[in-house]
Amino acid sequence: MISSTFIKNEALKHLKGFWAQAAIITIVFYVISFAVSGTSSLSAAPAFVIGSSLLSLLILPLSWGFIVLFLDKLRGGAVDAGNLFDGYKDFWRVFGTLLLRGVYTFLWTLLLIVPGIVKSLSYAMTPFILKDNPKASYDKAIIYSMRLMQGHKMDLFVLYLSFIGWFILSCLTLGIGFVFLVPYCQMSLARFYEEVKADFESDDSLLDTDEEDE
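To continue, consider the overall build of the protein chain. When its secondary structure is counted, the protein chain shows 12 helices and 0 strands. In the protein chain, the succession of helices and strands from N to C terminus is α-α-α-α-α-α-α-α-α-α-α-α. Relative to its 214 residues, the protein chain shows a buried fraction of 43%. Within the protein chain, counting contacts between residues at least 6 apart in sequence, those at least 24 apart form 73% of the total. For the protein chain, the exposed area adds up to about 11200 Å²; of that, 68% sits on carbon and sulfur atoms.

Close approach of charged atoms lets side chains of opposite charge pair. Within the structure shown, the criterion is met by 9 salt bridges. Two residues, Lys89 and Asp86, come together in a salt bridge whose shortest N-O distance is 3.3 Å. Using a relative accessible area of 72% as the deciding quantity, one classes Lys89 as exposed. Looking at Asp86, the relative accessible area reads 18%, which means it is buried. For Glu195, the salt bridge is made with Arg191, and the minimal N-O distance between the two is 2.8 Å. One end of the pair is Glu195 and the other is Arg191, both in helix α11 (residues 178-201) and 4 residues apart, which spans about a single turn. Look at Glu195 and you get partly exposed, because its relative accessible area is 25%. Residue classification places Arg191 among the buried positions, given a relative accessible area of 14%. Through salt bridges with shared partners, one network takes in Glu10, Lys13, Arg191 and Glu195.

Attention now moves to the side chain of Lys119. Secondary-structure assignment places Lys119 in helix α6 (residues 113-122). Within the buried set, Lys119 has no salt-bridge partner at all; the shortest N-O distance to an opposite charge, 11 Å, is to Asp139. Each residue touching Lys119, except ones within four places of it in the same chain, is listed here: Trp108 and Met146.

Our focus in this paragraph is the confidence of the model for the protein chain. In this model, the protein chain carries a mean pLDDT of 87, and residues with pLDDT of at least 70 account for 86%. Confidence over residues 40-52 falls short of pLDDT 50; this stretch has 8 contacts with residues more than four positions distant or in other chains. In this model, residues 205-214 is a region of pLDDT below 50 whose contacts with residues beyond four sequence positions or in other chains number 20 contacts.

Now for helix α8 (residues 138-148). Restricting attention to buried positions, one finds in α8 the residues Ala141, Ile142, Tyr144, Ser145 and Leu148. Seen along its axis, α8 keeps its buried residues to an arc of 155 degrees; they face one direction.

Bringing the packing of helix α1 (residues 4-15) against helix α9 (residues 153-161) into the picture now. Contact pair α1 / α9: the axes reach a minimum separation of 9 Å and the direction vectors enclose 60 degrees. Taken together, α1 and α9 sit at an angle that is classed as oblique. Note on packing geometry: the crossing formed by α1 with α9 is right-handed. Residue-level contacts link Ser4, Ile7 and Lys8 of α1 to Asp155, Val158 and Leu159 of α9. Residue composition of the contact of α1 with α9, by class: 3 nonpolar, 1 polar and 2 charged.

What counts and what doesn't
- Residue indices begin from 1 for each chain and proceed along its sequence in written order.
- The model is predicted, so local features are restricted to residues of pLDDT at least 70 and side-chain atom pairs to those at 80 or more, both for listing and for counting; the totals for chains, interfaces and linings are taken over all residues.
- Processing note: side-chain calculations cover all non-hydrogen atoms of the structure and skip hydrogens and water entirely.
- Helix and strand assignments follow DSSP, with helices taken as H or I runs no shorter than four residues and strands as E runs no shorter than two, numbered in order from the N terminus.
- Relative accessible area decides the class of each residue, using a 1.4 Å probe on protein chains only: under 20% of the type maximum gives buried, over 50% gives exposed, and in between gives partly exposed.
- The contact definition used throughout considers only heavy atoms, calling two residues in contact when any of these lie within 4.5 Å.
- Only the protein chains shown count as cover for residues, and the accessible areas themselves come from Shrake-Rupley with a 1.4 Å probe.
- Salt bridges are defined as contacts in which a side-chain nitrogen from Lys or Arg sits within 4 Å of a carboxyl oxygen from Asp or Glu.
- We count Lys and Arg on the positive side and Asp and Glu on the negative side, and we leave His and both chain ends out.
- pLDDT is a residue-level measure of predictor confidence that goes from 0 to 100.
- This arc corresponds to the set of directions leading from the helix axis out to the C-beta atoms.
- Fitting a line to C-alpha atoms yields each axis, with helices limited to the stretch in contact; the angle taken between N-to-C directions then spans 0 to 180 degrees.
- The cut-offs work like this: below 35 degrees is roughly parallel, past 145 is roughly antiparallel, 65 to 115 is roughly perpendicular, and the gaps in between are oblique.
- Helix crossings are classified by the rotation of the near helix relative to the far one: an anticlockwise turn of less than a right angle makes the crossing left-handed, while a clockwise turn makes it right-handed.
- As a working rule, the residues Ala, Val, Leu, Ile, Met, Phe, Trp, Tyr, Cys and Pro are called nonpolar, Asp, Glu, Lys and Arg charged, and the rest polar, with Gly in that last group.

Here's what the structure looks like:
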């Protein structure tokens, strides 16, 4: 079992000296996201709403860039707000995979809430797999995430639950606390990925896609 305390302590170590920049990047990410997704509330015209909803999907690569930049930072890389747009350099692979993941999660949630939660945990490593494996995309990346998370879904669920107290405190600060909580959560998720990847790589490396593509 992966210790949530260990993961969070490691995340704090890597956030040291990075808090201010992480907060700025988080603000930039949410300002752009809300600016795009919020346009659908400006008109009740069906055509406008549909168009705005489709436009909102274009945020998926931005979300990917936001997630994986914390992995880059964790690994000692230099990151800034410009990394938010890295997903657009590989648009169709990132966009298509994350869209497919969203569709799968939605369909499972239609059955029951619990299966939807379980599947979302199974798919949680998909963005990182896209980052580490340029040849992995669509179903392959999602399946890799499912296999990577075998035996670790409860670990991730417990990690998420451990942030509830911080979530409540952030709400009490009128949302200002989320500027720091979100980077804390994202860095913890990146550290969690490193743990489960290392665990799986001890078994002939699931993440080596080259052999399967030959």
